There are 2 protein chains.
Amino acid sequence: MDDVKIIEIKKSVFADNDEDADKLRKELKGKGVYLLNLMSSPGAGKTTTLIGTLKRIQDQVRVAVMEADIDSDVDAVKIQKATGIPTIQLHTGGMCHLDAEMTRQGLDNVALADVDLVILENVGNLVCPAEFDTGAVRNAMILSVPEGDDKPLKYPLMFSVCDLVLVNKVDVMPYFDFDLDKCREYVRMRNPKARIIPICAKTGEGLDDFADWLLAEVKSWKQD
Amino acid sequence: MDDVKIIEIKKSVFADNDEDADKLRKELKGKGVYLLNLMSSPGAGKTTTLIGTLKRIQDQVRVAVMEADIDSDVDAVKIQKATGIPTIQLHTGGMCHLDAEMTRQGLDNVALADVDLVILENVGNLVCPAEFDTGAVRNAMILSVPEGDDKPLKYPLMFSVCDLVLVNKVDVMPYFDFDLDKCREYVRMRNPKARIIPICAKTGEGLDDFADWLLAEVKSWKQD
């Protein structure tokens, strides 16, 4: 079960990524598949958060996971081992982000007829992934406490394009100068409508809220 | 003293960045100026590390700092306030990295005749900055403990191009699954000659070692 499929993603040739992303989103809608694009800095806890959340939802929705990394398959192996959920590894060949066409290359390797939800774990990077619409229904991101509460000031676009901000590693808040109220204020400067959920992927705190948000999203996407 | 100069960096038009970087390095050599390119993920502690280190060396070398960020000037203000060292803020206009020509645009605003050392704090990003030679004499990076010891596996190029890896936030090691020996092993897989210094920018642990390394580097660059 440790073997995960590794897909070497090729550079896109599409000129208009926004158009391509809209097309992909429409296709996924037709198939009743919800795509979530999860972004963060390196090491913010995307994989641990996913494992805890997948365990909470996998009896209620059919899920597949795509793990994008420049190299290695450690995350994909970790997720598949912990949850049994089909996980593929996308190698970006040094590229710092995924666009819609690259996401489509990944989805070509997912049995879309058998899933309701695909989660794309994007390359760990607060800059470039924010610039490219992947075709996902929603963008979510994880900001971890050790990174500091000022990140929305420094990486404005990432916080603007995300509908959900998970503030992870709240268990170590006492050891860092992180002001959650200030963080909320800075996030809202970039995106007044963003939902903010404090979580601790390690202890499971807040993951029920993220799971509920995700289940409601998938339900509404399939019904609309 | 809180006012820092903000430079809006324009996109480069140079076709061959490597050539341009070599040219810049040669010019700096001629002027006896050492340029260090400091990279890391967002929130790994570049600014706090710099402040602690600058305080240790500012009586021995003449330093200037260039802070690159997509937006805001919080870091430049922080450094100038804490150390009195001339610091300029480079705004990259959404760009995820600096190349040699963009670095040169920053250096045009530094009084090079009056400094021995310029430290460039690159955009917080483990991917793109590694791909572009800035013209610096050396690349250094900070990996912080909360990010995890597996980062050299996932971001190979960054670790390959860095001569020095500072492992920061070692004070919170007990709260994270971070194996320093494993980290050393992974770093050396990418770059067998990399120097690794564990530090805690908050308490000052290890900063003497970083300061000594930097002073020796500047001395050797000016003498060679």
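Residues numbered from 1 in each chain as written. Chains lettered and ligands numbered in written order. Predicted model: local features only at pLDDT ≥ 70, side-chain atom pairs only at ≥ 80, totals over all residues. Heavy atoms only, no water.

**Topic: the overall build of chain A**
Piece 1. Helix and strand counts for chain A come out as eight helices and eight strands.
Piece 2. For chain A, whose C-alpha radius of gyration is 16 Å, the value lies close to the compact-globule estimate of 17 Å for 224 residues.
Piece 3. Counting only C-alpha atoms, chain A reaches 45 × 40 × 40 Å along its principal axes.
Piece 4. Out of the 224 residues belonging to chain A, those deemed buried represent 65%.
Piece 5. Considering only residue pairs separated by 6 or more positions, chain A has 77% of its internal contacts joining residues 24 or more positions apart.
Piece 6. Here chain A has roughly 8800 Å² of accessible surface; of this, 48% comes from carbon and sulfur atoms.
Piece 7. Measuring between centres, the 28 positive side-chain charges of chain A sit 2 Å from its 38 negative side-chain charges. (Helix = DSSP H or I, 4+ residues; strand = E, 2+ residues; numbered from the N terminus. Rg over C-alpha atoms; globule rule 2.2 N^0.38 Å. Buried < 20%, exposed > 50% of the residue type's maximum accessible area, 1.4 Å probe, protein only. Contact = heavy atoms within 4.5 Å. Areas by Shrake-Rupley, 256 points an atom, 1.4 Å probe, with all protein chains shown as cover. Lys, Arg positive; Asp, Glu negative; His and termini not counted. Charge placed at Lys NZ, Arg CZ, Asp CG, Glu CD.)

**With respect to the relation of the copies chain A and chain B**
Piece 1. Taken as rigid bodies, chain A and chain B are interconverted by a rotation of 180 degrees and an axial shift of 0.0 Å, the fit giving an RMSD of 0.0 Å. Both copies are brought into coincidence by an operation consistent with a two-fold rotation axis.
Piece 2. Most of the interface of chain A is mirrored in chain B, where 100% of its interface residues again form contacts. (Least-squares fit on C-alpha atoms with pLDDT ≥ 70 in both.)

**Observations concerning the side chain of Asn17 of chain B**
All names here are of chain B.
Piece 1. Tracing the sequence through the fold places Asn17 in helix H1 (residues 17-31).
Piece 2. Taking relative accessible area as the criterion, Asn17 reaches 13% and is therefore assigned buried.
Piece 3. With sequence-adjacent residues up to four places away left out, Asn17 is seen in contact with Asp99, Ala100, Glu101, Phe132 and Asp133.

**Some points on the sheet that holds strand S5 (residues 117-121) of chain B**
Residue and element names in this part refer to chain B.
Piece 1. Judged by pairing direction, the sheet is parallel, and its eight strands sit side by side in the order S1-S4-S3-S5-S2-S6-S7-S8 without closing on themselves. Two strands bound the open sheet, and with one partner strand each, they are strand S1 (5-8) and strand S8 (195-198). Each strand axis lies, on average, 20 degrees off the axis of its neighbour in the sheet, ignoring direction.
Piece 2. Set on the sheet, helix H4 (residues 100-107) makes contact with S1, strand S2 (34-40), strand S3 (63-69), strand S4 (87-91) and S5; between it and S3 the angle comes to about 130 degrees. (Pairing = 2+ DSSP bridges. Axes fitted to C-alpha atoms, helices over the stretch in contact; angles between N-to-C directions.)

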